[in-house]
Amino acid sequence: MPFTGKYIHGNSLIHKFDVQGKIIVFIILIFMTIFTNSFIGYMLLFTILGMIIALSKFHLKLIFSSIRHIWKFFIVIFVLNILFFDGDTILFQWKFIQLTKEGIHHGITIIFNVFIILILGNIFTLTTELTEMMNGLEALLMPLSYLKIPIEQAVLILTISFQFIPTLLQEGDTIRKAQTARGADFESKYLHKKIMATGSLFIPVFIAAFKRADDLSIAMEARGFRDAKHRTKKRYSKISITGKITIVAFLLLFIIEIYI
């Protein structure tokens, strides 16, 4: 079973980095990826990505687990861009399909962007506990509470949703094995058989999801839970001096990248 999206305990610098700073740096890196449009910019991004991977102390196989199963998606994105992206330098044209130099460049750029963001997201989830992640997000969004936005409730819903993902994946895997034993052919060469087999998963998974949600609501009520706003926390997230310096450094890198 892949480890994508699951926290793995470690003592690396990325693990120890305070969660609020980690969230802000992650957002800055996403914007750096989106606004990169030069070779030097991508070299800077890949250098930063390599340093983060090295500091995380994870094996490369684990780091790249988030993209190992979606290589077909990358191919589809590239083909759609090179065939249907308008450009001035036409290399090949047939009816409504045209191959342009700009389309090839745009396809490669999109693949690089998706690749970098997926790897960064994988490292972020592998090195950050879900509870800490949500506490940090709640602390960063707390100013919005002055606008009467229910930040605590929204973060609680996100926390529960994320915690349900591995549970539902495991439930789906169990149901898939049970349906296979009953004759469902998930590996069939025929599309209609695959669709019928996949359809047999939906209703049982939805029923299991609603049952677990109902059990969770009963458990929360039994423990006296009423309002997320008045919850206490074991630890409160704060940005350390090191985190602030790191954020400023990445902001400077972002500004430099825009102008190169």
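Everything that follows concerns the structure shown earlier in this document.
A brief look at the structure comes next.

About the criteria used
Residues numbered from 1 in each chain as written. Predicted model: local features only at pLDDT ≥ 70, side-chain atom pairs only at ≥ 80, totals over all residues. Heavy atoms only, no water. Helix = DSSP H or I, 4+ residues; strand = E, 2+ residues; numbered from the N terminus. Polar contact = N/O pair within 3.5 Å; in protein donor to acceptor, adjacent residues only side chain to side chain. Contact = heavy atoms within 4.5 Å. Salt bridge = Lys/Arg side-chain N within 4 Å of Asp/Glu carboxyl O. Buried < 20%, exposed > 50% of the residue type's maximum accessible area, 1.4 Å probe, protein only.

### A word on the side chain of T127
Turning to step 1, where the next piece is worked out: Considering the arrangement of structural elements, one finds T127 in the loop between α6 (101–126) and α7 (130–141).
Turning to step 2, where the next piece is worked out: A polar contact is formed between the side chain of T127 and the backbone oxygen of I123, at a distance of 2.7 Å.
Turning to step 3, where the next piece is worked out: For T127, the side chain forms a polar contact with the main-chain oxygen of F124, separated by 3.5 Å.
Turning to step 4, where the next piece is worked out: In this structure T127 touches Y7, I14, H15, K22, S56 and F58, once residues within four positions along its chain are discounted.

### Some remarks on the pattern of salt bridges
Turning to step 1, where the next piece is worked out: Inspection of the entire model under this criterion finds 3 salt bridges.
Turning to step 2, where the next piece is worked out: One salt bridge connects K177 with D173, and the closest N-O pair in it is separated by 3.5 Å. Separated by 4 residues within a single helix, K177 and D173 lie in helix α8 (residues 151–181), roughly one turn from each other.
Turning to step 3, where the next piece is worked out: Residue classification places K177 among the exposed positions, given a relative accessible area of 57%.
Turning to step 4, where the next piece is worked out: Among the salt bridges present, the one from K211 reaches D215, with a minimum N-O distance of 3.4 Å. Highlighted residues: K211 and D215, both in helix α9 (residues 191–222), separated by 4 residues, approximately one helical turn.
Turning to step 5, where the next piece is worked out: Take K211: its relative accessible area is 55%, and that puts it in the exposed class.
Turning to step 6, where the next piece is worked out: Here D215 falls in the partly exposed class, since its relative accessible area comes to 39%.

Just distances and angles here, no functional claims.
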